[in-house]
Structures are given as structure tokens and as C-alpha cells.
Amino acid sequence: MSGSLRQALFPLLRAAFRLLPLSEGQRDRLRTRLLARHGDWVPPPPKGQQDTDGPRSGAQLRWRADEAAIGHRSYRQDALPTPLPATLVAFYLPQFHTFAENDAWWGKGFTEWRNVTRALPQFEGHIQPRLPADLGFYDLRNPQVMRDQAKLAAEHGIGAFCFYYYWFSGRTLMEDPLQQWLADDSIDLPFCLCWANENWARRWDGRDEDILIGQQHSAEDDLAFIAHVAPYLRDRRALKVDGRPILLVYRPHLMPDARATAERWRSWCRDHGVGEIHLAYVQGFERPDPRDIGFDAAVEFPPNMSNPASLSAQQWLLNPEFNGDVRDWRELAAEIGARPLPDYPLYPGVNPGWDNEARRSGRGRVYLHASPRGYRDWLRRTVHERLAAAPQDQRLVFINAWNEWAEGAVLEPDARLGHAWLQATREALSPAPPAVPVRRPCVVIHAWYPDVFAELLETVRATGIDWRIVVTTTTAREEEMGQILAASDLAGEIHAFANHGRDILPFLHMAERLLEEGEDIVLKLHTKRSTHRNDGEQWRNELIDRLVAPERAARIVQAFREQPGLGLVPPEGHVQRLDYFWGANERNVQGLLSRFGVPQADTGTDTFIAGSMFWVRLGALRPMLDTHLQPSLFDTEAGQVDGTLAHAIERTFTLVARHAGFHQQDAAALLGLPPPQDTPYAYARRG
């Protein structure tokens, strides 16, 4: 049977397989065996989209791997809740140093960093390579590195590392860093071991093609293994459950008889002064009840054992030969985060992202749309909801991972987002702040023209609202705008940015910051002059009057308070059909929506807010903000009147808010006022 025919039959076979009356554990075991033997039956992922004239060299391709993105967070000390509501255990890969076997298999001097730095972006918005920040390209032969890692982890609420342990019938790989840790009693962070009991293969994916060093499971090997790891189990820092040190096995179904192995280990530990041990296995490939195999507990290991929607076909390819599999991390987080715990002991798992393109060039499995905020929500829900009924001693959450740089599962500081993942970890240990009524609204004003800025401040004052006033401007004009703000006698704050990205990029920086500070409602204004038009002043005044007139502003704020689902309030008459005013923006908008994880626009009905002034609930912009765009994506300022990334983002606010679950209503309709006359839009020509 041809490969194409087998792949065509696969969906039918999968549907039939799902109908079989099997337990979850039986189904996993059978699936694993079938895929190991008949993986060529699985259809390849769908291909992404390509521009007819080849990959572009435009805005979406301008990026730097070492650039701080919107939402980058610097190191900050902060208190942890006392007592901690759960113990967070982060998986830790010890491959960041040279050793003889890797020299032989991959070339002298090879470490995991070589994989990491060779990765390239395969489609627009694919963030590769992912580069380290504070800890640098560390070498684990230096004992100070692990001291620094332990300190950083503990400061952010990580309660233990789970070191992958590589044992092959008496031969160990990558054990030197662990021996260093064991010998350094100054490191207080608890730890446990996870025996990665697969064959070591060239493919990096756990399958058995091209084995470099294999496992030889046997009764004798079981005893040799437990004797070798006993010093780790005896150490004062060994992570314990109910006083028993934890030992994990990555794939117990690869053992000839996992129950027999477990009993050998337990007997040996009782006889040799270790005492009782707590055995857990990782649910990476199968999900049996741990008690059925002689173990005490299981550990969730996302993204394995999940199958979120494919996003491959929606990506705009940079590499036309990319054959990888792109999935939706947000769906992964929502599905696993809502799973009820089974009736056997299971330690839930969370994951800050996944992208193994660095190990599988052009064929990686990529989970898009992971964000520190989304990860924080998932971890917080796991700690405070999924584990709510668990005994305190069994409130463990495993995080995949601390430093899987070549798999894109990393908590350590990186160049793009800094300490954002670690700070999200710390914040998740505290319950979500209680819902409160809308506080005073914020007004974010981008100030470029001094005279218009002064007018806007008077308009804001005339509303009588107690505002939080946030001003963005360029570095060159910061002093002048500060003087104007001071002269107005209004309290406000000024944030200076490079003259880059018009009013849009500074607004995204501030929206990200305000959302993290707990702000909710924002009025976005800017000193729009539109000097390429004769009616630019009229356009600006009309926008502002319909948003901030004294008889309107307070009523709009009240509507936001009364309608939790209200996301956007634009000025009436300035909501326009997208396809009427595509101009040079259509392709940029398509690419942006793919990056945000928002469905493509319906060009026959979808609209946008012309002029980019509006009221917004910040939560409605999360798909956009959680993308963490990089400033270098925005076009260099050259007086453009259309076609820049800022113009494209202007056309996506409505679509983003709708995808986030919020609705939009223009100011007149919201306030029960008559709509403006339906005439051709006066401030732009229909494309």
C-alpha cells in the first residue's frame, strides 16, 4: 500500500480507534505501540501559506533575536506568599556542558547551546533563536552557575528542581553537574531525579531510530541503578512527600515489568538506610493508574498527551520547505488546566511554551501563542483550583521546564522577555486579585504637537473625571511636554520612547504596563494633525468631541462599569469597512491576525476604527498584547500616510477585541443618540 493511501486512510482508522472500549491507559499503550511501528501512516501537517512572489522582506521580517519585546520585564525582588500554597517543581536539563560522548556523536565542543543558536524562524512570528539573558550561555562545569540558578528559582517561588538523570546499564551521561550540586551543601534548593530511561537516539524525540546508546533493562540493572542514585535520595535536600524522597521514571512502560522494578527499589532502599521512597512516573506517552504498576503517583507532562488544534495552514512561511507541526498553546493550557484530577494520585503539570525547531530543523513542533500572562493564569488556576482539595504534603505542581532551551520550554531569563516568565511564576502563587468595580479610567495621550497636547489636556479637565493621565512622547520632546503638563495643573506621568511606531507602538507599551498594574478602562488619544489633509484639524476635533465631550465621557465610563463584556467604544461615524480602506495594509493585517491567533477578517463585513482613538477595556486587547511584538517590526518613520505596521495594527483592534470575547458599540449607540448620517467617509478615499 502506498504511503499516500495509508495517510488517506489514517483519519478513518483514528476515528475507529476512538470508538474502541478501552481504558485511558490501554488506549495510550496501544497508540504508542502503533505509532512506533507505523508512524509513516500519520499524514504530515498541512502546509502554511506562501506569498505568490516568495517570502517578503517587509515589516514582518525585521526583527532581532536579542531584542527586548513589548512586555520585557527586568529583574525585580518581591515577597512570596507565606506559606507557599504549593511546591513548584521545575524539570531541569543538565546538558549545558561538554562531555566525551557528545564530542564523539555531534562534534567536539557540542553542548545544547549549539542546537539553540542554529534555529531559524520558519514562518512569520516564529521566534527563533531563543537566546538567554542574565545567565548567558552558561557552562554547567562552573559550579557558580547552579548556585545562581538555585537562587533565582527560589526567589521566584520554585520549590525544587527535577533533574533529568541519564543512566544506561552502569554508564551515566551528564552527571557531573548533579554531582557538583550534591557536593555543594551551600545550595539549599530541594531536588529530585527523573530517570530518562529511553534509548539515547540521534532524533532527539524519544523514538528508536539511529540509537546512540541503548537501555538494557534487567533485574540486575534495577539494583545497580538504585544503589547508584541512593546518595541523591539520602541527601538532606531530597524532595519528599510524606517524608519519603521522590524518584521519577520518565517511561515506565519501557521496563520489562515496572511493578517488579518498583518492588526491587523499595526493598533495596529499606535494607540500605534510605527508607521508604515515593515513586512517580511521567505521563508523557501513557497514563496508567500508577498503583497498577507499583508506583505511588503520576506527573502530568504537557504538552504531551494533548492534541490542540493545528495552526499550520494559517502560518505565512518564510521557509517554503517547512514541514513542522504548529499547534495552539492557548488551547493546550485551557484544556489541561480544566481537567479534573483522576481518582489516583496525580501531580498536575504546566508548561510555559514549546518549540523544538532547534532540534528538528524545518520539522519542529511549535506551540504558538504562549505568553507569560497565559502561563500565569494556567499555573494560578492549577495551584488554587485544581489542587484545592489535595493534602498540603501532596500539593506539587511540575513545570516543564526550567531550561529546555532547545525545546522552547524555559523559565530562565531570555533576551526577548527578560524575567517575565519567572515573575509570572511568582505571581501565580498568590490568588487572582478579587474583581473590583472599574477604578478611575486612564487616558493615554500620545503627544507630538505641543499646542494640540495643551488643548487635549483642557478637554480632559473639562470632563470633570478623576483621570489617571498617562502621556507618551518622544525622548526629544519629553521636557517640553512635561512643561505643558505641569502648566496645566493636572497630575500625570510622562513616558518617553523613540520616535518609532507613531502613536501605536507607545500605546502598546503602555497598555501592556497598565494591564499588568491592574488598570481596566483606557481612553486612547493622540495629537493627530494629519498634515497630508486639508481637513486634518476637523478630523481630530470630531474624533475627540465624540469620545470626550463632557456630556459623554462620564456616561461612557459608567457603561463600562455596567457592561463587563463591553470592550471597545469608538466615535460614531468613524467605524469603517475594512475592504473599503485596505490601501497597502491587507497583507500586513493578514500576517498580524495570524500572529495574534485571531481568525482572518471577513472582508465583506468586518470593520475598523479609523483615526485610532477610542475607549477600550484592556482585557479586550490580550490577544494583541500577549503576542509581545518587537519594536523593530515597526517601520522607520518617514512620513508615511499608509502601509506601515502601525496602520495595520489600527485595523485589527476591533477583530482582536471580538476574538477575546468582547463586543464593540460606538459612542452614539451606547448613549442612545441618533447615528450620524450615512454618507461616504469624509477623511479617507475608498480603496
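Scroll up for the structure.
In this text the structure is predicted, and so the values were computed from the model without any measurement.

The rules behind these values
Residues numbered from 1 in each chain as written. Predicted model: local features only at pLDDT ≥ 70, side-chain atom pairs only at ≥ 80, totals over all residues. Heavy atoms only, no water. Pairing = 2+ DSSP bridges. Helix = DSSP H or I, 4+ residues; strand = E, 2+ residues; numbered from the N terminus. Contact = heavy atoms within 4.5 Å. Axes fitted to C-alpha atoms, helices over the stretch in contact; angles between N-to-C directions. Parallel < 35°, antiparallel > 145°, perpendicular 65-115°, else oblique. Left-handed = near helix turned anticlockwise from the far one by under 90°. Nonpolar A, V, L, I, M, F, W, Y, C, P; charged D, E, K, R; others polar. Buried < 20%, exposed > 50% of the residue type's maximum accessible area, 1.4 Å probe, protein only. Arc of directions from axis to C-beta. Polar contact = N/O pair within 3.5 Å; in protein donor to acceptor, adjacent residues only side chain to side chain. Core = buried A, V, L, I, M, F, W, Y, C linked by side-chain atoms within 4.5 Å. Salt bridge = Lys/Arg side-chain N within 4 Å of Asp/Glu carboxyl O.

Trainee: Is there a simple way to explain the sheet that holds strand E21 (residues 492-497) in this structure?
Mentor: Sheets are built from strands paired through backbone hydrogen bonds, the pairs being either parallel or antiparallel. Strand order in this open sheet of seven strands is E21-E20-E19-E22-E26-E23-E27, and the pairing throughout is mixed. In this open sheet, the two strands that pair with only one neighbour each are E21 and strand E27 (663-664). Relative to E27, strand E23 (residues 566-569) runs parallel, the two sharing two bridges. Bridge pairing links Leu568 to Gln664 in E27. Lying over the sheet, helix H12 (residues 450-462) contacts strand E19 (442-446), strand E20 (468-474) and strand E22 (521-526), oriented at roughly 170 degrees with respect to E19.

Trainee: Explain the packing of H12 against helix H13 (residues 478-487) to me, please; I cannot follow it from the model alone.
Mentor: How two helices pack is summed up by the angle between their axes together with the distance between the axes. With their axes 10 Å apart at the nearest point, H12 and H13 run at an angle of 30 degrees to one another. When the axes of H12 and H13 are compared, the pair comes out roughly parallel. As H12 packs across H13, the resulting crossing turns out to be right-handed. Counting all contacts with H12, which are made through Pro450, Phe453, Ala454 and Leu457, the residues of H13 involved are Glu480, Met481, Ile484 and Leu485. When grouped by side-chain class, the residues that make up the contact of H12 with H13 number seven nonpolar, no polar and one charged.

Trainee: What is the right way to look at the sheet that holds strand E11 (residues 325-328) in this model?
Mentor: A sheet is described by the order of its strands in space; here three strands give the open sequence E11-E15-E14, paired in mixed fashion. Strands at the two margins of the open sheet, each flanked by one partner only, are E11 and strand E14 (354-355). For E14 and strand E15 (residues 365-368), the ladder comprises two bridges, and the chain directions are antiparallel. By the bridge assignment, Trp354 is partnered in E15 with Tyr367. Helix H9 (residues 329-337) contacts E11 and E15 of the sheet and is inclined by roughly 50 degrees relative to E11.

Trainee: Would you take a moment to explain H9 for this structure?
Mentor: In an α-helix, one turn spans 3.6 residues, which is why side chains three or four residues apart end up on the same side. Of all the residues in H9, the buried ones are Trp329, Leu332, Ala333, Ile336 and Gly337. Each buried residue of H9 sits inside an arc of 110 degrees when the element is viewed along its axis, so together they form one side. Tucked inside the fold, the buried residues of H9 contact strand E10 (297-300), E11, strand E13 (349-350), E15 and helix H10 (372-386). The N-terminus of H9 is capped by Asp328, whose side-chain oxygen sits 3.0 Å from the backbone nitrogen of Arg330.

Trainee: Looking at this structure, I do not really get the nonpolar core. What am I missing?
Mentor: Generally speaking, soluble globular proteins have nonpolar side chains that are buried together. Of all hydrophobic cores here, the largest spans 112 residues; its most connected members are Phe91, Phe161, Leu248, Trp265 and Trp402. Per element, the largest residue contribution to this core is ten residues, and it comes from strand E2 (residues 158-168). Discounting chain neighbours no more than four positions away, the residues touching Phe161 are Val89, Ala90, Tyr92, Gln149, Ala150, Ala153, Trp181, Leu189, Pro190, Phe191, Cys192 and Trp402. Residues Ile465, Val470, Leu485 and Leu670 belong to the second largest nonpolar core, which totals 83 residues.

Trainee: Explain the pattern of salt bridges here, please?
Mentor: As enumerated under the stated definition, the model contains 52 salt bridges in all. As a salt-bridge pair, Glu300 and Arg386 come within 3.0 Å of each other at their nearest N and O atoms. Taken together, the residues span a long stretch of sequence, with Glu300 in strand E10 and Arg386 in helix H10 at a distance of 86 residues. Note on Glu300: relative accessible area 5%, which makes it buried. Where Arg540 meets Glu455, a salt bridge forms, and the shortest distance between an N and an O atom there is 3.8 Å. With Arg540 in helix H15 (residues 536-548) and Glu455 in helix H12, the pair connects residues that are 85 residues apart, well separated along the chain. Residue classification places Arg540 among the buried residues on the basis of a relative accessible area of 1%.

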